[in-house]
Amino acid sequence: MIFSRSKSVRRREVRRTLPRSGEHPWLRALSKPLLWAGLWALGFTFFASLIALGGHDGKKHQIGEVIDRTVVARVAFDAVDQEGTLEARNIARGKEPAVYNANLAYIEKVRNALHSLGRLGADKKIETQDQIPTETRNALMLSSYERFAELKRYFANPSNLLWDKQVEHIMSGLTSIAILRTERAQIEQNRSDLASRILVRHPNPERGLVAREDEDLIDIKKDLKPLELRLESLLATRLPQAVQRVVIDIIMSDLQPTYVFDLAETDRRRAAAEKSVGEIEMKREPNQVLVIAGTQLSPQLVLLLEKEQSEYDRQMGVYRWLIRGGNLGLILLIAVGLWVYVAAYNPRILQNPVRGGALVVLLLMSQGLAVALTVAWPTVSYATATFPAVLATMVLAIAYDRRFALAVGAITSLLILVSLELTVGFSIVLLTGVTIAASRLPDVRHRSSLVLAGLWTAAGMFIASFLVGLQSISLQNTDLLDALFRNAAWAAAGAIVTGLLVQGLLPAIEKAFKVTTAMTLKDLNDASHPLLRRLAEEAPGTYQHSLRIADMAETAAENIGANGLLCRVGAMYHDIGKINKPMYFVENQAGGPNKHDKLSPAMSLLIILGHVKDGVEMAREYKLPRSVVHFIDSHHGTTLVEYFYHAARKKSEHEEAPMPTEFEFRYPGPKPQTKEAAILLLCDCVEGAARALPEPTPVRLEQLVHKMLNKRLMDGQFDECHITLQELHKVEVSVTKMLTAIYHGRIAYPKAAGEGPTQPAPRPAPLQHASRA
């Protein structure tokens, strides 16, 4: 039979509403949505606990991190006394003397000059100083006649001809004096008594390194007089005074350091001395302060905190599992609270396992991202721990609504706090970001909306982070304002990045949560959309009809706080199924013959009903969002196709055949599931009926709207969309105003003399045979 498909659909709907025989109330309570909720809660608890365990066992601190709370020892443990060890190693390093190498070039120069002096004095051919070259005479300090004469007299004695021994004695005495550069002499002379000596590498390799005490150190600039006195004392018993003076002047004329600093050898020896000192351990007692709040962690403090944590874990033993059980219980409470809230305020998630899974995945990803980033970079935790919570809030504000996003964002923040063991102050920063992010996203109508929401969130989190930092700053560390600004800046940067990231992820968010944002709706509302262009070209009457309904539906939706833009887009696409057979609908016939005159009521009914099915298939072909497809599917609900129903009854009476039932001549549905779809259903039927009114005066239009609304209400078309009677009244008033504006009265233009009588203003053509669906 031609109506078998409609009957089967309606019967399935009836069977779904009937209770099963013998079903107990407690079995009905265990409905599929509740079972899914329990499954998601258990899965969420399991995976969230694993992530939290990773946060607890992960790396807690990092070098350079500023501690925002004082850390005390929880158990007694032996730890390396970093300060004491460092002090002992510094002492050992300080005790190690500096190493100096002999200035061999200068020593050889002096030695050669003294040998030249001896050869010159022993040479009998040289009798006067004028026989000596001027350069040599000046270098050997023999410009004076008396000095030259005294030198000759000294070497005239045969016992003094063993000059080489004298030279070696002089050089030995000279190298025993550590003549240093001024800067090195000052360093050595200013060192403590523990290091009041240096090591010199003697020119004689057999002697190796030789210690020199403070009295052996000579500043090459400041200690010239003491050096001369030491040289005089060295030569007093060896040479006559005149020859002594010559030798001293030769040494002092081009005085240079006898030893130069060996940096590499000194560092090597001092490093070895430092390394030779073992680590000094010190016992830490429970409740002993380890790190004061506001301290920037050094490598030593990081090791100390890690040692305390490992010792705490070791001493806890089996009790660690009790702590983990407590964490598991907390996360279970969070999961139960989440799904209780979902069941109370957003039950459609429970009825769709995919939505529930998407919500669980989003929260677990936020938690895992916060834990992973914070463990990797704890110094920027104000960005790594806040960014995922704000991200989840923005995504949920787009996918659902602000209230739901705020609640779930707060639950996400609580989950991150438990996983990372953060402070109460940090929770204030998190909740500030979540609150502002949710409040700034009522609707994403422009691409700048997400960026502006990120900027507002960044400003709020910057202020909150700075105030929290001021509240917890330590008196011992009042110079940490730079750290406060840095943390606040990281929090703000995380919020800004979140806004930009969500903007890029918007198409994926729409697809994952099966939602349609205002930006997508605005794109669909563009008249250049391929489907709307086809509708305007192939079914122009239907296109104009859709435009009028779009204006009415958008205004009515905004008056009750519904989504006006969604209503407009749904109205523009609700009749696209008429593109396949446009001439079977009166608005496209342009006063021509009605094709239904040659068809039976049953066949006409199939064509009328088919435009809904064709519209749904066309919408899926053009990949329209599900929220828009619902307008196509439900814009007639399960209403009766009255014209063809009555025509079928008349035909049956004439042929004395069985009378058709209303059930056979109803649309298969579904009924509107949203307020927006309900508004469209009303606007669609009212606009068609208003076009058929012979005199559409304001009073008649008001009566028509009221009659059509009551008829649909009594027919149960609004039973599944949760629209209230008060809202229906507002919709009725709004639709009446719009219809009155469309069918306003017009003044007839006066005719010139000789013209015929003024014709009345044309009225909309009446609905022929009620074939416009």
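About the criteria used
- Residues numbered from 1 in each chain as written.
- Predicted model: local features only at pLDDT ≥ 70, side-chain atom pairs only at ≥ 80, totals over all residues.
- Heavy atoms only, no water.
- Helix = DSSP H or I, 4+ residues; strand = E, 2+ residues; numbered from the N terminus.
- Buried < 20%, exposed > 50% of the residue type's maximum accessible area, 1.4 Å probe, protein only.
- Areas by Shrake-Rupley, 256 points an atom, 1.4 Å probe, with all protein chains shown as cover.
- Pairing = 2+ DSSP bridges.
- Salt bridge = Lys/Arg side-chain N within 4 Å of Asp/Glu carboxyl O.
- Patch = residues over 30% accessible without salt bridge, like charges linked within 9 Å, V, L, I, M, F, W, Y side chains within 5 Å.
- Lys, Arg positive; Asp, Glu negative; His and termini not counted.
- Charge placed at Lys NZ, Arg CZ, Asp CG, Glu CD.
- Disulfide = S-S within 2.5 Å.
- Contact = heavy atoms within 4.5 Å.
- Core = buried A, V, L, I, M, F, W, Y, C linked by side-chain atoms within 4.5 Å.
- Axes fitted to C-alpha atoms, helices over the stretch in contact; angles between N-to-C directions.

Participant: Please explain the overall build of the protein chain as it appears in this structure.
Facilitator: The helix and strand tally for the protein chain stands at 31 helices and 10 strands. In the protein chain, buried positions account for 47% of the 773 residues. Approximately 39,500 Å² of the protein chain is accessible, and the part contributed by carbon and sulfur atoms is 58%.

Participant: How should I be thinking about the pairing of strand 3 (residues 99–102) in this particular structure?
Facilitator: Working note: regular strand, side chains alternate between the two faces of the sheet. Here strand 3 pairs with strand 5 (residues 197–201) via 3 bridges, running parallel. For asparagine 101, the partnering residue across the bridge sits in strand 5 and is arginine 201. Bridge count for strand 3 against strand 8 (residues 259–261) is 3 bridges, and the pairing is antiparallel. What sits directly across from tyrosine 100, in strand 8, is phenylalanine 261.

Participant: I'm lost on the pattern of salt bridges in this one. Help?
Facilitator: Any two side chains of opposite charge can pair, on the condition that their charged atoms come close. According to the stated counting rule, one finds 22 salt bridges in the structure shown. Residues glutamate 727 and lysine 675 are paired through a salt bridge, measuring 2.9 Å at the closest nitrogen-oxygen approach. Linking glutamate 727 in helix 31 (residues 725–742) with lysine 675 in helix 29 (residues 675–691), this pair joins segments that are 52 residues apart in sequence. With a relative accessible area of 14%, glutamate 727 lands in the buried category.

Participant: Looking at this structure, how should I read a positive patch on the surface?
Facilitator: A surface patch of like charges, here positive, comprises Lys511, Lys514, Arg620 and Arg626. If you trace the backbone, arginine 620 turns up in helix 26 (residues 601–621). The class of arginine 620 is exposed, set by a relative accessible area of 59%.

Participant: So what exactly am I meant to see when it comes to the state of the cysteines here?
Facilitator: What makes a disulfide is a covalent bond joining the sulfur atoms belonging to two cysteines. All told, the structure shown has 0 disulfides when counted by the stated rule. Unpaired in this structure, cysteine 567 has its nearest cysteine sulfur neighbour in cysteine 683, at a distance of 7.3 Å. The thiol of cysteine 685 is unpaired, and the distance to the nearest cysteine sulfur, on cysteine 683, comes to 8.2 Å.

Participant: Explanation requested: the environment of glutamine 244 in the structure shown.
Facilitator: Tracing the backbone through its elements, the reader meets glutamine 244 in helix 11 (residues 241–253). Taking relative accessible area as the criterion, glutamine 244 reaches 11% and is therefore assigned buried. Linking glutamine 244 and leucine 231, residues 13 residues apart in sequence, is a C-alpha distance of 8.7 Å. The residues touching glutamine 244, leaving out its near neighbours within four places in the chain, are Glu232, Leu235, Ala236 and Leu239.

Participant: Explain helix 27 (residues 626–634) here, please?
Facilitator: Side chains three or four residues apart in an α-helix point the same way, a direct result of the helix having 3.6 residues per turn. Three or more residues of helix 27 are buried, namely Val628, Val629, His630, Phe631, Ile632 and Ser634. Looking at the buried residues of helix 27, the elements they touch are helix 22 (518–524), helix 25 (564–573), helix 26 and helix 29.

Participant: Would you explain the nonpolar core in this entry?
Facilitator: The nonpolar side chains of a soluble globular protein tend to be buried, and buried together. Core analysis: the biggest nonpolar cluster contains 68 residues, and Phe44, Trp339, Val342, Leu359, Leu396, Phe404 and Phe513 have the highest contact counts within it. Elements represented by at least two residues in this core include exactly helix 3 (32–57), helix 14 (319–345), helix 15 (353–376), helix 17 (387–399), helix 18 (402–420), helix 19 (424–439), helix 20 (448–471) and helix 21 (481–513). Sorting elements by how many residues they give to this core places helix 17 first, with 11 residues. When neighbours within four sequence positions are excluded, leucine 396 is seen to be in contact with Leu359, Leu362, Asp401, Phe404, Ala405, Val408 and Phe513.

Participant: Got a minute to help me understand the sheet that holds strand 8 in this structure?
Facilitator: Pairing between the strands of a sheet comes from backbone hydrogen bonds, and it takes one of two forms, parallel or antiparallel. The strand order across the open sheet built from 4 strands is 6-5-3-8, with neighbouring strands paired in mixed fashion. Each of the sheet's edge strands pairs with one partner strand only, and the pair in question is strand 6 (209–213) and strand 8. When the angles between neighbouring strand axes are averaged without regard to direction, this sheet yields 35°. Sheet strands in contact with helix 12 (residues 263–275) are strand 3, strand 5, strand 6 and strand 8, and its direction is about 150° off that of strand 3.

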